[in-house]
Amino acid sequence: MKHDAETTRFGLYVHWPFCTSKCPYCDFNSHVAAEVDMGRWLAAYQAEIARVAAATGPRVLSTIFFGGGTPSLMSADLVAAVITAARAAWTPANDLEITLEANPGSVEAGRFRDFRAAGVNRVSLGVQALDDAALRRLGRTHGTAEALAAVITAQDTFERVSIDMIYARQDQTPADWINELRRALALGTGHLSLYQLTIEDGTVFAARRTRGLLPGLPDDDRAAEMFDATQALCESAGIPAYEISNHARAGEECRHNLVYWRGQEYAGIGPGAHGRLNLPSGRSATEAIRAPGAWLYAVERRMSGEASCTLLSARDIAVERMLMGLRLHEGLTLAAIPTELRPSEAIIAELVDSGLLFDEPGRLRITPSGRLLTDRITAMLLPEPT
Amino acid sequence: MPGMTDLAHIRNFSIVAHIDHGKSTLADRLIQMTGTVAERDMKDQLLDSMDIERERGITIKANTVRIEYPAKDGQTYILNLIDTPGHVDFAYEVSRSMRAVEGSLLVVDASQGVEAQTLANVYQAIDAGHEIVPVLNKIDLPAADPDRVKEQIEDVIGLDAQDAVLISAKSGYGIPDVLEAIVHRLPPPKGDAEAPLKAMLVDSWYDPYLGVVVMVRVIDGRLRKGDRIRMMQTGAVYGVDRLAVLKPAMVDIAELGPGEIGVLTASIKQVRDTRVGDTITHERRQAAAALPGFKPSVPVVFCGLFPVDAADFEALRDAIEKLALNDASFTAEMETSAALGFGFRCGFLGLLHLEVVRERLEREFDLDLITTAPSVVYRLHMKDGTMKELHNPADMPDPTYIDHIEEPRIKATILVPDSYLGDVLKLCQDRRGIQLNLTYAGNRAMVEYDLPLNEVVFDFYDRLKSVTKGYASFDYQITGYREDNLVKMTILVNGEPVDALSMMVHRDRAEMRGRAMCEKLKELIPRHMFQIPIQAAIGGKVIARETISALRKDVTAKCYGGDVTRKKKLLEKQKEGKKKMRQFGKVEIPQTAFIQALKMDA
């Protein structure tokens, strides 16, 4: 089990909180701003990287991930300078993965070369749908043709390309989705993130649904049918799932996200960014100030954008390890959980008997038929509340 | 300390009224206008001392007050008001209170007219030989129609209402006329001060400072502080520690003579040691015979009370013990349920009594309770000739040993605007009712039905209210037991019987009740990772079935570095929520599902 030896992996997440518009399904920390002072933001990111690096001490940096928001709205110079700062603060791995989330619009596509020159070697394109009406409903500003062109440009520009799709949308039938997914697979990217539409609290969609203005959403049974079809189709295309919603050709997995799911170490820089740092005092959860203006102000005036840094208990660590690890097809080794916090043999046996967990001693791994019930299964396996 | 009052200057009376017709307000005014209570001490609805009574506008325990009234004839009279419980569940208490006084004020809302409860209580007053003065309240309301209501009183009750006193208890209008009517139209009590002591135990309650307080009405003889008294039913002997009258605060008095009403304390430990209706006499010089008509109050409706949080069981036990100190008519025995854990099987005088006790437990003792479906007392006549009472369907013996089962029946009186009569008749018919009588008074119909009590405890009140938009009034009295085709219906969830949900039903209604319960549970039990059959069965035979399909999807689509904290909290909350689940084999049933499924409304 190679990955279990890789517990020293360290990743950096950089949050860019701005978008040109806010999508109605999005509950991320994103804001619409007319103009952003790139110079001030660069200085702030540099200061934060230096502050966190001082806390972590020397690390081999495996991944950098620019998320948002819409990080493709950052200037290539800003991206380049942040990468330079990170490479200086920690020791970059030889195969350092640098991902940038991008809108598949024509404007962004025109800047892909600059991002590549800045050091980005992987993009994650928010294609979301290959249907113009659906894109409009999702509040996206790009069209299908534009997105297809952007994917081709990205493939010409970057070593690795991933696309995001959202399914189980309003009025979408399983047949519609299979058709759409076939077209997405035909693009030939090595990685796909295929998310079922989730109506998150506090979003525009949630408000619409409350008022009955979001009709035609598939029920759980229909959504499950779509999920199963997705697994079958992607597997036969040689791009199986390695996590609930993430599919990759062998070796094309997103290394940065694996850092999260494998319970490894990551620093979070930028407004609202979360980190998990193995500090001398112990594994700690960090969280940055959420509001962009307040974060910027705090970094400039108080030399820190941190809102909290909480030492995690052994139980917290175990819970996080399980709820993230169980999302992966590889599961997690029980050795990662202290004996007293492991699930009982009885619960494991019950889940194995129900065909929801593989019968693998020393390992917790959810079966294909259990994947859609991952949250429920996880809840059963978690240690009792204290 | 004042001594006894001569008979000619005593008037004892009660007030008969429907809920909301203003009984308590009138009582307050009488107390206020005679200066019995200083203005600043006046709380609205003084006699209803419990929160729940005040909120619901009903009286549960009889209260009394002694009023000194200087009448227009220049004489001062002692007026003893016994405030009777207004609800049918407390019919026995009402009848005892009625026998302690000589007259009644019949208070009727001048806009609403006579209601079913008024009828039951006014007939009790008539049975007790009362002189009755009709009082029309709320005559200042625009909708008041005193002439129509007077006619109704004459038609429905058969009382002469031409000299009814017109009042507005709220504004105080007409109150002096009421006081004069009490003095001049109600008779003084009779009695012989020199005969051996004979006093009626009208009521008793537990006071945390004084212990058990006993309310008495002296018939013959004199009762003094320090007397050795004997309870003729129980045979127990006590020394009178304290003798007082209620104004409504306790004021000590040296002695009580014939016709007088007061309270005593006598180092009695529990309310259970006193029996309402018992006769009190002197230990030495005893009365020749006890007062007639004593009967102990018997619970007729039973249900299980369980703490939502099993850890609250001890707290529930303490609370029940404390309540029982003050309420002899309420019984409780420990019960264990596989579904609900440890709790108590409790007996009540009726549904309202059940509600009141449950509310007091929740409110005064801060407990969250699950109430199982109310059940009546069935009589099981066994093949070996013995008879068993069944208080809990879970205790039902093997039916092959049972020859036949009897259930309690009631006579229900319903008063309803005639436009709703059809719905009411249908409801009664559906509930296995037999029509006894149907009469009209104006546009209101009065219908009497013979009904099984078990159909009434289920959801009859709620159905009646809903089909008549709240316009019907309802009252009942238990008439006796009758054999019928009764069976125990069991509910199985994933093949496991859920004891808390089993119930006795009439065979003809079993399918319907079973189907309703299965459908309800299908809505209430969350989907599990496997399919769950829900069945209603009689013996081994399934009569209704629903299936909860397996949960297909419970997964978060996106979960990255920034989502862990939130996700962790969510899962922990779910895990915490599991504490409120009851495990049934592999199925977890939320507490709320039991609460909902057992609610009386179908």
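Everything here concerns the structure above.
Remember, predicted model here, so these are calculated numbers, not experimental data.

Undergrad: Looking at this model, I keep getting lost on the overall build of chain B. Mind explaining?
TA: Helix and strand content of chain B: 13 helices and 34 strands. Taken across its 602 residues, chain B has 57% of its residues classed as buried. Once local pairs closer than 6 in sequence are excluded, the contacts in chain B between residues at least 24 apart make up 70%. On chain B, roughly 24700 Å² of surface is accessible, and the fraction owed to carbon and sulfur atoms is 49%.

Undergrad: Is there a simple way to explain the pattern of salt bridges in this structure?
TA: Pairing between side chains of opposite charge can happen when the charged atoms of each approach one another. All names here are of chain B. Taken as a whole and assessed by the stated rule, the structure comprises 51 salt bridges over all chains. K411 is the salt-bridge partner of E448, the closest N and O atoms lying 3.9 Å from each other. A residue pair is termed long-range when its members are at least 10 positions apart, and E448 in strand β26 (residues 444-452) and K411 in strand β24 (residues 402-417) qualify at 37 residues. We classify K411 as partly exposed; its relative accessible area is 29%.

Undergrad: Any chance you could explain the pairing of strand β32 (residues 541-548) of chain B here in plain terms?
TA: Walk down a regular strand and you will see the side chains alternate between the two sheet faces. Residues and elements named next belong to chain B. Relative to β32, strand β31 (residues 532-538) is paired through seven bridges, and the arrangement is antiparallel. Residue P533 lies in a different strand from β32, and its bridge partner there is T547. Counted along the chain from β31 to the antiparallel partner β32, the turn is two residues long, and its residue G539 has a positive phi close to 60 degrees.

Undergrad: Help me understand empty space enclosed by the protein in this model?
TA: Here the idea is plain: a probe the size of a water molecule rolls over the atoms and shows the empty space left. All names here are of chain A. Counting across every chain of the model gives one cavity of 30 Å³ or more. Put simply, the largest cavity is a space of about 80 Å³. Secondary structure elements with two or more residues in the lining of the largest cavity: α1 (38-56), β10 (265-269) and β12 (282-288). Partitioned by chemical class, the residues of the lining of the largest cavity number five nonpolar, three polar and four charged.

Undergrad: What exactly am I supposed to notice about the interface of chain B and chain A here?
TA: For interface size, the figure often reported is the accessible area lost on association. Chain B puts 25 residues into the contact, and the matching count from chain A is 44 residues. At the boundary of chain B and chain A, one finds seven salt bridges. Taken together, chain B and chain A are joined by 20 residue pairs in polar contact (both at pLDDT 80 or more). Residues belonging to the side of chain B that touches chain A are distributed by class as follows: eight nonpolar, six polar and 11 charged.

What counts and how
Residues numbered from 1 in each chain as written. Chains lettered and ligands numbered in written order. Predicted model: local features only at pLDDT ≥ 70, side-chain atom pairs only at ≥ 80, totals over all residues. Heavy atoms only, no water. Helix = DSSP H or I, 4+ residues; strand = E, 2+ residues; numbered from the N terminus. Buried < 20%, exposed > 50% of the residue type's maximum accessible area, 1.4 Å probe, protein only. Contact = heavy atoms within 4.5 Å. Areas by Shrake-Rupley, 256 points an atom, 1.4 Å probe, with all protein chains shown as cover. Salt bridge = Lys/Arg side-chain N within 4 Å of Asp/Glu carboxyl O. Pairing = 2+ DSSP bridges. 1 Å grid on protein atoms, 1.4 Å probe; cavity = no way out; pocket = protein on both sides within 12 Å on 5 of 7 lines; lining within 4 Å. Points joined across faces, edges and corners; volume = space filled by probe spheres on them. Nonpolar A, V, L, I, M, F, W, Y, C, P; charged D, E, K, R; others polar. Polar contact = N/O pair within 3.5 Å; in protein donor to acceptor, adjacent residues only side chain to side chain.

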